[in-house]
Amino acid sequence: MAVDNKKMVPLESKDQLITTLSKGCKPIEDWRIGTEHEKFIFDAKTHRRLPYEGTPGIRALLEGLQRYDWKPVYEGDHVIALTDDTGASVSLEPGGQFELSGAPLQTIHQTCSETNRHLTQVKEICGEMGAVALGLGFDPQWKREDVSWMPKGRYKIMREYMPKKGTMGLDMMIRTSTVQVNLDFADEADMVRKMRVSFALQPLATALFANSPFKEGKPNGYLSYRSHTWTDTDNDRCGMLDFIFEDGFGFERWVDYMLDVPMYFIYRNGVYNDVSGLSFKDYMAGNLAGWEGKVPTQQDWDDHLTTAFPEVRLKQFIEMRGADGGPWRNICALPAFWVGLLYDGEALNEAEALIKEWSVADIAKMRDDVPMHALNATVNGRKLRDVARDVLKIAKKGLRNRNEANWSGESEEHFLSALEEVVEYGKTHAERLLDQYNGDWNGDLSKLYEEHAY
């Protein structure tokens, strides 16, 4: 991997860190949508998760996709990612969860076309080698020891560190899967508004997209077990961030938070050096144990920004991190939900008004209740199913106001239909799966791979 000399600039003051975040400010006409979605890949016959090597295997899938002009990225002798000319990439989560990080696109129509193209390609290669791809929030069947780890240096460091900080960090790494969307902001004040709305409504998104009711072959008692795993992964870098709602929140306060998040690694000359648990503040001061006299580079800070895992994450854009991986339609529904709420001024005003009476304690309790109860949880005395109805109306209005039609004149609004069905019928995808498990499937989870694979 080529070294970007601009990223090797030394960082010696907090102002440089704040400036890094402020460079994300963009005029409205430059706002884009970046959608990331992960899925599990299973052997079509045994339903086991795929290892890296072998056929079917994750490496074979990465190599097969190169027929579509994807270019390989290597770590040592291992191909661990793919890139293309649009700015999109394919990467691997620790247990082989297969992720598309989409290009920054202008409309949800474009995002959905990108998703359709990628999933069609994955489905074709999987079909050729005897594998299936499945969108769920948590591995429905296999234990930790059944899942192969991908050959990436940063994951080795995290694998050794996670058990020191919580009981479910390894589950998070190798047994969860998510869909995320990354969105822009105009300036610091716009960022603050969007972060607050996003944090307040992230549990609602978790409820709407709940899709992880199974663990090790049977119901686990939750509707979003993926979300539950984050409650005991690593409290130094996960969970609700109350300071988002405090007066004075801005880029500097986020930098202060990140300086308190313990480090994982320093990447140099193709090697991930383990500095897990050490302080980025000490690194800035030239006092990092084993790295005395050295100060971080821009690349180190960029890497460090990726090692905090709250429900919403700030970089030079805002990442929505609350949704389970799910069926094809949900991948397009997530950006529609958040773009509708945040990319139109009228909709953002209405969303702010809706959450105005919610306390931080209200939001935290909602977040705690949602993994088990989804839309049956409450906030400030209201059931989330009713709140969702109001929020989807706001999002729909926001998409209508954007007035981004496709070639046939169709609005972006229709991408919300999957979520409107959840609210109308009162059942999440997780609850529908449980109905099938307890009904037609008669407890036979093998039907999941046959009926819900992409």
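Residues numbered from 1 in each chain as written. Predicted model: local features only at pLDDT ≥ 70, side-chain atom pairs only at ≥ 80, totals over all residues. Heavy atoms only, no water.

Q: Whenever I open this one, the overall build of the chain confuses me. Can you help?
A: The number of helices and strands found in the chain is 17 helices and 17 strands. For 454 residues, the compact-globule estimate of 2.2 N^0.38 gives 22 Å, and the chain sits close to it at 21 Å. Dimensions along the principal axes, computed over C-alpha positions, put the chain at roughly 65 × 55 × 45 Å. A burial count over the chain gives 57% of its 454 residues as buried. Sequence separation of 24 or more characterises 73% of the internal contacts of the chain that already satisfy a separation of 6 or more. Within the chain, the 71 negative side-chain charges are centred at a point lying 2 Å from the centre of the 54 positive side-chain charges. (Helix = DSSP H or I, 4+ residues; strand = E, 2+ residues; numbered from the N terminus. Rg over C-alpha atoms; globule rule 2.2 N^0.38 Å. Buried < 20%, exposed > 50% of the residue type's maximum accessible area, 1.4 Å probe, protein only. Contact = heavy atoms within 4.5 Å. Lys, Arg positive; Asp, Glu negative; His and termini not counted. Charge placed at Lys NZ, Arg CZ, Asp CG, Glu CD.)

Q: Sorry if this is basic, but what is going on with the pairing of strand 7 (residues 178–183) here?
A: Taken residue by residue, a regular strand's side chains alternate between the two faces of the sheet. Counting buried positions along strand 7 gives six out of six residues, so the element sits mostly inside the fold. Strand direction decides the pairing type here: strand 1 (residues 33–43) and strand 7, joined by five bridges, are antiparallel. Residue Ile-33 lies in a different strand from strand 7, and its bridge partner there is Leu-183. Sheet topology places strand 7 next to strand 15 (residues 318–324); five bridges connect them, and they run antiparallel. Bridge pairing links Val-181 to Met-320 in strand 15. (Pairing = 2+ DSSP bridges.)

Q: Help me out: how do you make sense of the pattern of salt bridges in this one?
A: Should their charged atoms come close, side chains of opposite charge can pair. As enumerated under the stated definition, the model contains 35 salt bridges in all. Of the charged contacts, one joins Glu-160 and Lys-156 as a salt bridge, the two residues approaching to 2.9 Å between their closest N and O atoms. Taken as a pair, Glu-160 and Lys-156 lie in helix 4 (residues 153–161) at a separation of four residues, close to a single helical turn. Measuring nitrogen to oxygen at the nearest pair gives 3.0 Å for the salt bridge that ties Lys-281 to Asp-260. Within this pair, whereas Lys-281 is found in helix 9 (residues 280–284), its partner Asp-260 is found in helix 8 (residues 251–260), the two being separated by 21 residues in sequence. Beyond isolated ion pairs, a larger network of salt bridges with shared partners links Arg-144, Asp-171, Arg-175 and Glu-216. (Salt bridge = Lys/Arg side-chain N within 4 Å of Asp/Glu carboxyl O.)

Q: Would you mind showing me how to read the environment of Trp-142 here?
A: Inspection of the secondary structure assignment puts Trp-142 in the loop between strand 6 (131–134) and helix 4. Remark: the alpha-carbon pair of Trp-142 and Val-391, spanning 249 residues in sequence, is separated by 36 Å. Sequence-distant contacts of Trp-142, that is, excluding residues within four places in its chain, are made with Phe-42, Thr-46, His-47, Arg-48, Arg-49, Val-147, Arg-175, Glu-216 and Tyr-449.

Q: Please clarify how the packing of aromatic side chains should be interpreted in this entry.
A: For any pair of aromatic rings, the description rests on two quantities: the centre-to-centre distance and the angle between the ring planes. A full pass over the atoms with the stated rule returns 19 aromatic pairs. Consider the rings of Tyr-267 and Tyr-272, whose centres lie 4.5 Å apart with planes at 50 degrees: the pair is tilted. Relative accessible area serves as the criterion here: at 24%, Tyr-267 is assigned to the partly exposed category. Here a set of aromatic residues connected by ring pairs shows up, and it is made of Phe-243, Phe-249, Trp-254 and Tyr-257. Lys-194 extends its terminal NZ or CZ atom over the ring of Trp-31, reaching a point 3.5 Å from the ring centre. Note that Arg-237 overlies the ring of Tyr-264, its terminal NZ or CZ placed 4.1 Å from the centroid. (Phe/Tyr/Trp six-rings, centres within 6.5 Å; stacked < 30°, edge-to-face > 60°. Lys NZ or Arg CZ within 6 Å of the ring centre and 35° of its normal.)

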